[in-house]
Every structure is written in C-alpha cells, then in structure tokens.
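Take a look at the letters that make up each chain.
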Amino acid sequence: MWMTVVRRSGPVCMSLALVFGLAACTAGAPQVAPTSPVVQLGAPGEENHTLSPEDSLNLESPKHTEADEQFMLDMMQHHDQAITMTGFVDDRTDDRDIRLLAERMKVSQTDELALITKWLQDRVVPLNDARAGGGHDGHDSDGHSMPGMLTETQLAELEAADGAEFERLFLEYMIMHHEGAVQMVTELYAAGGGHESETDQFARHVESDQAVEIAKMRQLLAAR
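This text gives an overview of the structure that appears in the document. This structure is a prediction, so every number in the text was calculated from the model and none was measured.

A closer look at the overall build of the protein chain
Within the protein chain, the secondary structure is distributed over six helices and three strands. Moving toward the C terminus, one meets the helices and strands of the protein chain in the order β-β-β-α-α-α-α-α-α. Within the protein chain, buried positions represent 41% of all 224 residues. Counting contacts in the protein chain only where the partners sit at least 6 residues apart, residues at least 24 apart contribute 76% of the total.

Points about the nonpolar core
Core analysis: the largest hydrophobic core is formed by 22 residues, its most contacted members being Met85, Leu158, Phe166, Phe170, Met174 and Met217. For this core, the secondary-structure elements that each account for two or more residues are helix H2 (66–86), helix H3 (96–122), helix H4 (152–160), helix H5 (163–190) and helix H6 (197–222). In terms of residues, this core owes the most to one element, H5, which gives seven residues. Residues in contact with Phe170, not counting those within four places in the same chain, are Met85, Thr86, Val89, Ile98, Ala102 and Leu158. Listed in part, the 20 residues of the second largest apolar core include Leu113, Val125, Met149 and Val185.

Concerning the pattern of salt bridges
This structure, assessed with the given rule, holds twelve salt bridges. For Glu196, the salt bridge goes to Arg123, with nearest N and O atoms at 3.0 Å. On the criterion of sequence distance, the pair formed by Glu196 in the loop between H5 and H6 and Arg123 in the loop between H3 and H4 is long-range, its members being 73 residues apart. The pair Glu196 / Arg123 is uniform in exposure class, with both members buried. Note that Asp200 and Arg204 form a salt bridge whose closest N and O atoms lie 2.7 Å from each other. Of the two residues, Asp200 and Arg204 both sit in helix H6, four residues apart, roughly one turn of that helix. Its relative accessible area of 1% is what places Asp200 among the buried residues.

Conventions adopted
- Residues numbered from 1 in each chain as written.
- Predicted model: local features only at pLDDT ≥ 70, side-chain atom pairs only at ≥ 80, totals over all residues.
- Heavy atoms only, no water.
- Helix = DSSP H or I, 4+ residues; strand = E, 2+ residues; numbered from the N terminus.
- Buried < 20%, exposed > 50% of the residue type's maximum accessible area, 1.4 Å probe, protein only.
- Contact = heavy atoms within 4.5 Å.
- Core = buried A, V, L, I, M, F, W, Y, C linked by side-chain atoms within 4.5 Å.
- Salt bridge = Lys/Arg side-chain N within 4 Å of Asp/Glu carboxyl O.

Given below as structure tokens:
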C-alpha cells in the first residue's frame, strides 16, 4: 500500500538539499486530494500523524517564530567563534588531521553563516551586533547564554597554546563547542521552533554535521 509522507515543517515539494529559497512547487496548480494516506512527520521526539485526504489539503507551510529568530542569531555568533578557533590552527600545529579538520570546519561554517545571514535578511530580522559575533563570552546583550561557547579566558588560553598542548585544547574545546551547537538544536525544537521548512533543514544539518565532527575529534583526542 503506497503512502505519501510529508514533513511537519514544510511542503513535500521542498528540496532536501540545504539551499535556502529553492522551491519545487508550481504556483497556481489546482489542489487535488491525494488518494493514499498522508503521514505528517513529527518533530524530534514526537509521534507521526496520519492525515485524511481532506486534512492534507488544508496543510499550510509553518511560519518562522521568535524561537527560530533567536536560534539563527545565536548560531551566527556560535559559528563566528568556531571560525575564530580554527584560525589559530595553522600557526600552532603541523598535525595534518587537525589542520584538515579545521579547514573543513572553517569552510562549512563560513558557508552556513552566509545562509543564516540570508535567512535573517529575508525575514527582516535585525542583525544586532552583540548577538552577531559581538563578543566571545557566550552572552548577547540581553544576557542570553549559549551552550558550548568559550569564555574570553578559554579563548585566550587556546590562542596562547602551541604544539601538543594546543592540539589537546583545540580538540577538547571544539568538542565542547560542537556539543553546545547540538544542544541549541534540541532547545530550538523544545521551544516550539524548527517547524518552518528552511529552519528545520538547517537545524537538522547542523545537528548531523557536527555530530560527525564530534566523533572524529574524539578519535583524534583518544589517540593522544
């Protein structure tokens, strides 16, 4: 028995690629009720729901929320600090694995910053300097804290280290930093965000991508 599956967070015709602004839907096409069951996927930790053909016609693309805005603003600052950390690598270690990993992080998170910026601009969300990288203590102007962010003291400690000591600190601090990003994704959904299709795609990408890098860094750290 065939079954149609829709994402809770957006129309079924959205591309699964992490590219903002692309849509495969054809505007103006008449709505026709599906003849097979439609399953609406639940958010992480929630059950799926089977919709009737009539209910499926009434599905609307969820809009972004304040939780989505805060997540994107926080993730911008979070990524900014990660890029700062990777910038220390080339001058402080010759370890090939760490240098390649740091370069991968720098490229991917720089690309993601561009996506975040576009997301915020498209929704006319102000880019507050204090939130968008205006400090490294993990707090914005409202005192809101972000998990995994290094303090100014920890960042200075990393910058001052060299060789084997730098490698150890970089891996330990970046694991902590990545785990914080994954926690931010969990908190996004817990706050009722992440239902808009583009936000959901981005959050899930961050969660999976950083989980892979955490596993790699743990391997490198264990080898030391």
